[in-house]
Amino acid sequence: MLITGASGGVGQQLTRFFAKKEVCLLLHSHRGIQDLQALVDGLDFSHPPHLFQADLEELEAVQTLCEKAMAVHGSVDVLINNAGISSAAISWKLDLSEWNRVMSVNLTAPFLMSKELLPAMRKKGFGRIVNISSIVAQTGAVGTAAYAASKAGLFGLSASMARELAPKGITVNTVALGYMSKGMIEELSEEMKEDLLRAIPANRFGEVEQLGALIEYLMGPDADYMTGQVLNLNGGLYGG
Ligand SMILES: NC(=O)c1ccc[n+]([C@@H]2O[C@H](COP(=O)([O-])OP(=O)(O)OC[C@H]3O[C@@H](n4cnc5c(N)ncnc54)[C@H](OP(=O)(O)O)[C@@H]3O)[C@@H](O)[C@H]2O)c1
C-alpha cells in the first residue's frame, strides 16, 4: 500500500492507523522525510515499512518513486493519492505559476502515479486507487480557486478511470474530506477554526482514523463493486 504525502498531518495519522494491520506500507514524503522517519521509528509495524522521497511535481521523480515502490513486491496493489498542497490567493491575483504548481501536485501527480502503477495492477487483475479530495471542491471557498479546481479534477479523473479499469478488477474512488483535526487545518487561525466548527453539523473536526477505516473497507473484497464514487467524510457539511 503506497501512501503519498505520508509525512503530512493526514498521512502520519494514516501511517499510525495502518501500522499494525496486515499490510506492507510504502510511505512517501517530500521535504518531511525526517518527520516521517521519526514517526516510523516510534511505531510498531506488522511488516517493516519502506520510505521514499520524491517531489511529485517532477515526472522523473514520480517514475523513479513508482519503480522503487514496485521493486519491493513486484507491484503496488493499493495507491492512496494523498499528497496535496493548498494555496491562498484570490482568483484574479493568482499567478499562473502558482496555479500550475497546485495542479501539478494535486491533480497531475495522482494521474501520473496511477499511470505508472496501472500496468502491474492490470496484469495482476487487482488494484485499488483512492484519491483524496476535499469538500472545497464541492463548496468552493474564497481564496482557493486553484486548490478547489484541482480537487474537483480528481472527481472526473477517478470517474473515467473507474469505468476504464472495472473490467480488470481495479477500483478507483475519491474521498472528499471535510475538515479534519490534523494537517492543513493546523495552518488556520483559532478564529477561523471556530467559524468552521460552527458550520459543521457534527460540531467537530473529522478524525483521520475514520478515513483509515474507510480506506480499509475500500481495499477489501466487500468493496470490489464500489468504484467511481465520491465518498464524503464531512460531518454533514455538504455542498455542491
Ligand atoms: N486536513 C484537512 O482538513 C483536509 C481537508 C480536506 C482535504 N485534505 C486533503 O488531504 C490530503 C493531505 O492533507 P494534509 O492535511 O495532511 O496536508 P499537509 O499536512 O500539508 O501534508 C501535505 C503532504 O503533501 C506532501 N507534498 C506537498 N508538496 C509535495 C510535492 N511537491 N511533492 C510531493 N509531496 C508533496 C507533503 O510532503 P512533505 O511534508 O514531505 O514535503 C505532505 O506529506 C491533501 O490532499 C489535502 O488536500 C485535507
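Preceding block: the structure.
The following refers to the structure shown.

Conventions adopted
- Residues numbered from 1 in each chain as written.
- Predicted model: local features only at pLDDT ≥ 70, side-chain atom pairs only at ≥ 80, totals over all residues.
- Helix = DSSP H or I, 4+ residues; strand = E, 2+ residues; numbered from the N terminus.
- Buried ≥ 20, exposed ≤ 12 C-beta atoms within 10 Å, placed from the backbone.
- Axes fitted to C-alpha atoms, helices over the stretch in contact; angles between N-to-C directions.
- Parallel < 35°, antiparallel > 145°, perpendicular 65-115°, else oblique.
- Left-handed = near helix turned anticlockwise from the far one by under 90°.
- Contact = placed C-beta atoms within 7 Å.
- Nonpolar A, V, L, I, M, F, W, Y, C, P; charged D, E, K, R; others polar.
- Near = placed C-beta within 6 Å.

### Some remarks on unusual backbone geometry
Most peptide bonds take the trans form, and the phi angle of most residues other than glycine is negative.
Alright, step 1. Phi at Asn-203 takes a positive value of approximately 60 degrees, unusual for a residue other than glycine.
Alright, step 2. Take Asn-203: it is sitting in the loop between α7 (190-199) and α8 (208-219).
Alright, step 3. Residue Asn-203 is classed as exposed on the basis of its C-beta count, with 10 C-beta atoms lying within 10 Å.

### Things to note about the packing of helix α1 (residues 9-19) against α8
Alright, step 1. Where α1 contacts α8, the axes come no closer than 9 Å and their chain directions differ by 60 degrees. In terms of their interaxial angle, α1 and α8 are classed as oblique. Handedness of the crossing formed by α1 with α8: right-handed. Mapping the contact onto sequence places Val-10, Gln-13, Leu-14, Phe-17 and Phe-18 in α1 and Val-208, Glu-209, Leu-211 and Gly-212 in α8.
Alright, step 2. For the contact of α1 with α8, a count of residues per class yields 6 nonpolar, 2 polar and 1 charged.

### Considerations on the site of the ligand
Alright, step 1. Surrounding the ligand, one finds 26 residues, the nearest of these being Gly-5, Gly-8, Gly-32, Gly-84 and Gly-183.
Alright, step 2. Counting residues per element, the ones that place at least two in the shell around the ligand are α1 and β5 (127-134).
Alright, step 3. Broken down by element, the residue count for the shell around the ligand peaks at 3 residues, all from α1.
Alright, step 4. A breakdown of the residues in the shell around the ligand according to their chemical character gives 11 nonpolar, 12 polar and 3 charged.

It is worth stressing that arrangement in space is one thing and function is another; only the former is reported here.
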